[in-house]
Amino acid sequence: MPALNLYDTATRSVSQFTPIKPGEVSIYVCGATVQASPHIGHVRSGINFDILRRWLIKSGYQVTFIRNVTDIDDKILDKASHEDVPWWVLTMKYEREFSAAYAGLNVMPPTYEPRATGHITQMIELMQILIDNGSAYAPGNGDVYLEVRKLKRYLTLSGQRIDDLLTAADLDAATSQKRDPRDFALWKAAKPGEPSWPTPWGAGRPGWHLECSAMAHAYLGERFDIHGGGLDLIFPHHENEIAQSEAAGFGFAQRWMHNAWVTQSGEKMSKSLGNSLLVEKILQRVRPIELRWYLGCAHYRSMLEYSEQALDESAIAFRRIEGFLKRAAELLGKTPEALISDAFAVAMNDDLAVPAGLATIAENLRLGNQGITDADLAAISKNASQIRGALEILGCDPFDSNFAGSTSDDLTQLMDGVIKLSLAERAAARDRKDFAASDAIRDGLAALGITIEDTAQGPRWSITEKS
RNA sequence: GGUCGGGUGGCCGAGAGGCGAGGCAAGGGACUGCAAAUCCCUCUACACGGGUUCAAAUCCCGUCCCGACCUCCA
């Protein structure tokens, strides 16, 4: 099996992945700022990195996966004050919504899921290092800034030049305490009515970037393998993380991976557009496993243009695969085990080429269905297993207990008995060529939401998927 | 202004010098009392203009169009 190759934003190229410690992989992914309900763009990121994690685990690595929760920032405080609730009421509400969305879509919980406000101590320690070694300065008003022009390297991830950056238009040079308008805040001085924590340089709250450097260091050490997040984080967030951590003398991330957007009409989801694409809303249209399939099918670095039509077609395609697996399980008399085909492994090792992996699933599906027609149990078993193995990596295994329906086995058995009585009636009617009667039985069952198919092995029933 | 990415068949979506990924849709066929499911076959493509090459969707130059980041953002 070929080695795993992954893209690195820092070099803009695909290269062989070699972890720092053999057999172990450490990953830090920037999670959400919990200030609104999750939309499908947020969970796409979660799913993309979940697929990476599952593939690393399947490849034999022990994976430590950190995804943080940003629970303090300007927007949160603004919104809390508008809604006249304490900020922590707001963040807890949305953090729970995000957790529920991830769980519903079968995104594995992170190894650790640190909150920014739980790591103020680590942030202060990091600032102390930066101030002691002259990288950062505290002008005395409670703010702490990183002095970017002192850095040996800056903007290496986004490939920009510091002099080309547009500086904030609203920056009032007269009142600013910054030595350079491009210096960014590690720490922001307390404002009346806002939460603050004491530091040696005055009370305040964290700037946006400091938390990730502090938490990555706390959980993964000075160097770790992969840092992930959305494309928009490359600048300034990830550049500034690099700046802080490297200025402190840490090695930081060895590889940077960024997922692309879910777009609408070619544009990144904005808040106004995003409202129509809330996870909760989309799940009124398709099942969670189908949404996961849809979001996971595009390559993580490609834009995914959302449309209801594409979502519906994707769901139908998934049901076809799912239908095969269920038939296969019935014919085999057991759930097929999950196996990884060589072709699927080749695809995944090529920078997680899920679309190429999909083509291998399509081939398995064709051969598996042929196996059903030919009553070739070996072919059914092999192809069902390889499909299941691939779906497990994509997080869309219909046999995964996370997706199990509410129907109990007892109830299913009871249903099976009752429906078989009807099917016996129908078989009798067909034997005497009374097709009106046999069709009436089938139509009656269809009206109840039960689909009947006549297979070579006899009639088969299933619950009709809503569409 | 700077940086980064993109424009592929009716639709979705890969590929990144040489056998037209794959799926959906469409048309034809097989199976079937019908239906469903399934299988087989067929079809349509690389924004535009130049260039390099034996060979270009892929490399180079130019043009047009779209998007992202430089302010919070998955």
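Residues numbered from 1 in each chain as written. Chains lettered and ligands numbered in written order. Predicted model: local features only at pLDDT ≥ 70, side-chain atom pairs only at ≥ 80, totals over all residues. Heavy atoms only, no water.

Chemist: So what's going on with the environment of Phe 344? Residues and values would help.
Modeler: Considering the arrangement of structural elements, one finds Phe 344 in helix H11 (residues 342-349). Of the residues examined, Phe 344 reaches a relative accessible area of 2% and is grouped as buried. Residues Phe 344 and Ala 359, 15 residues apart in the sequence, show an inter-C-alpha distance of 8.7 Å. Excluding residues that lie within four positions of it along the chain, Phe 344 makes contacts with Trp 55, Gly 357, Thr 360, Ala 390 and Ile 393. (Helix = DSSP H or I, 4+ residues; strand = E, 2+ residues; numbered from the N terminus. Buried < 20%, exposed > 50% of the residue type's maximum accessible area, 1.4 Å probe, protein only. Contact = heavy atoms within 4.5 Å.)

Chemist: Describe in detail the packing of aromatic side chains, supporting the description with residues and values.
Modeler: Two descriptors summarise a pair of aromatic rings, namely the distance from one centre to the other and the angle between the planes of the rings. Taken as a whole and judged by the stated rule, the model has 12 aromatic pairs. With centroids separated by 6.0 Å and ring planes inclined at 80°, the aromatic side chains of Phe 17 and Tyr 61 adopt a geometry described as edge-to-face. You can see Phe 17 sitting in the loop between strand E2 (13-16) and strand E3 (24-29) and its partner Tyr 61 sitting in the loop between helix H1 (40-58) and strand E4 (62-67), a full 44 residues away along the chain. Judged by its relative accessible area of 6%, Phe 17 falls in the buried class. Pairing Tyr 137 with Tyr 145 gives two aromatic rings, centres 5.7 Å apart and planes at 45°, and the pair type is tilted. Exposure remark for Tyr 137: the relative accessible area of 5% places this residue in the buried category. (Phe/Tyr/Trp six-rings, centres within 6.5 Å; stacked < 30°, edge-to-face > 60°.)

Chemist: Describe in detail the packing of H1 against helix H13 (residues 377-394), supporting the description with residues and values.
Modeler: Geometrically, a packed helix pair is captured by the angle between its two axes and the distance between the axes. Two numbers describe how H1 lies on H13: the axes approach to 7 Å, and their chain directions differ by 130°. In this view, H1 runs oblique relative to H13, as classed from their interaxial angle. Where H1 abuts H13, its residues Ile 51, Arg 54, Trp 55 and Lys 58 lie against Glu 392, Ile 393 and Leu 394. For the contact of H1 with H13, the class distribution of residues is 4 nonpolar, no polar and 3 charged. (Axes fitted to C-alpha atoms, helices over the stretch in contact; angles between N-to-C directions. Parallel < 35°, antiparallel > 145°, perpendicular 65-115°, else oblique. Nonpolar A, V, L, I, M, F, W, Y, C, P; charged D, E, K, R; others polar.)

Chemist: Explain the packing of H1 against helix H9 (residues 288-297) to me, and be specific about the residues and the numbers.
Modeler: Taken N-terminus to C-terminus, the directions of H1 and H9 make an angle of 75°; their axes are 9 Å apart at the nearest point. Here H9 runs roughly perpendicular to H1, going by the angle between their axes. Here Ile 40, Val 43, Arg 44, Ile 47, Asn 48, Asp 50, Ile 51 and Arg 54 of H1 come into contact with H9, specifically with Leu 291, Arg 292, Leu 295 and Gly 296.

Chemist: An account of the layout of surface pockets is requested, with residue identities and associated values reported.
Modeler: As a volume, the largest pocket reaches approximately 1,800 Å³. Along the wall of the largest pocket there are 40 residues; nearest its centre are Lys 326, Glu 330, Thr 412, Arg 460 and Ser 462. For the lining of the largest pocket, the element with the highest residue contribution is helix H10 (residues 308-332), accounting for 9 residues. Composition of the lining of the largest pocket by domain shows at least three residues from each of domain 2 (267-403) and domain 3 (409-463). (1 Å grid on protein atoms, 1.4 Å probe; cavity = no way out; pocket = protein on both sides within 12 Å on 5 of 7 lines; lining within 4 Å. Points joined across faces, edges and corners; volume = space filled by probe spheres on them. Domains from an automatic or database assignment.)

Chemist: Just give me the short version of the domain arrangement of chain A, but keep the residues and values in it.
Modeler: Size of an interface: often given as the accessible area lost when the parts come together. Here chain A is described as being made up of domain 1 (5-259), domain 2 (267-403) and domain 3 (409-463). For domain 1 versus domain 2, the separation of C-alpha centres amounts to 32 Å. Here domain 1 meets domain 2 over a buried area of about 2,900 Å², counting both sides, of which 64% is carbon and sulfur. It is Ile 40, Arg 44 and Trp 55 in domain 1 that bury the most area against domain 2; as a group they hold 27% of the surface buried on that side. Here domain 1 and domain 2 share 2 salt bridges between them. Salt-bridge contacts for Asp 50 lead to Arg 292; the nearest nitrogen and oxygen are separated by 2.9 Å. Between domain 1 and domain 2 we count 16 residue pairs in polar contact (both at pLDDT 80 or more) in total. Looking at the side of domain 1 that touches domain 2, the elements with two or more residues in it are strand E1 (5-8), H1, helix H3 (87-104) and strand E10 (252-259). The leading source of residues in the side of domain 1 that touches domain 2 is H1, at 12 residues. (Buried area = accessible area lost by both parts, 1.4 Å probe. Salt bridge = Lys/Arg side-chain N within 4 Å of Asp/Glu carboxyl O. Polar contact = N/O pair within 3.5 Å; in protein donor to acceptor, adjacent residues only side chain to side chain.)

Chemist: I'd love a proper account of the sheet that holds E3, names of residues and values included.
Modeler: Taking strand neighbours across the sheet as the criterion, the 4 strands line up as E4-E3-E9-E10 in an open arrangement whose pairing is parallel. Taken across any chain shown, the strands that pair with only one partner, and hence form the sheet edges, are E4 and E10. Between one strand axis and the next, the sheet turns through 25° on average, direction left out of account. In this structure, strand E9 (residues 223-230) lies alongside E10, joined through 7 bridges in parallel fashion. From the neighbouring strand, Phe 224 faces E10, where its bridge partner is Ala 253. Seen against the sheet, helix H5 (residues 210-220) touches E3, E4, E9 and E10 and runs at an angle of roughly 160° to E3. (Pairing = 2+ DSSP bridges.)

Chemist: An account of the sheet that holds strand E12 (residues 267-268) is requested, with residue identities and associated values reported.
Modeler: Read across the sheet, 3 strands follow the order E12-E11-E13 without closing on themselves; strand pairing throughout is mixed. Every other strand in the sheet has two partners, leaving E12 and strand E13 (304-305) as the edge strands with one partner each. Of the strand pairs in this sheet, strand E11 (residues 262-264) and E13 are connected by 2 bridges, and their pairing is parallel. Within the sheet, the bridge partner assigned to Val 262 lies in E13 and is Leu 304.

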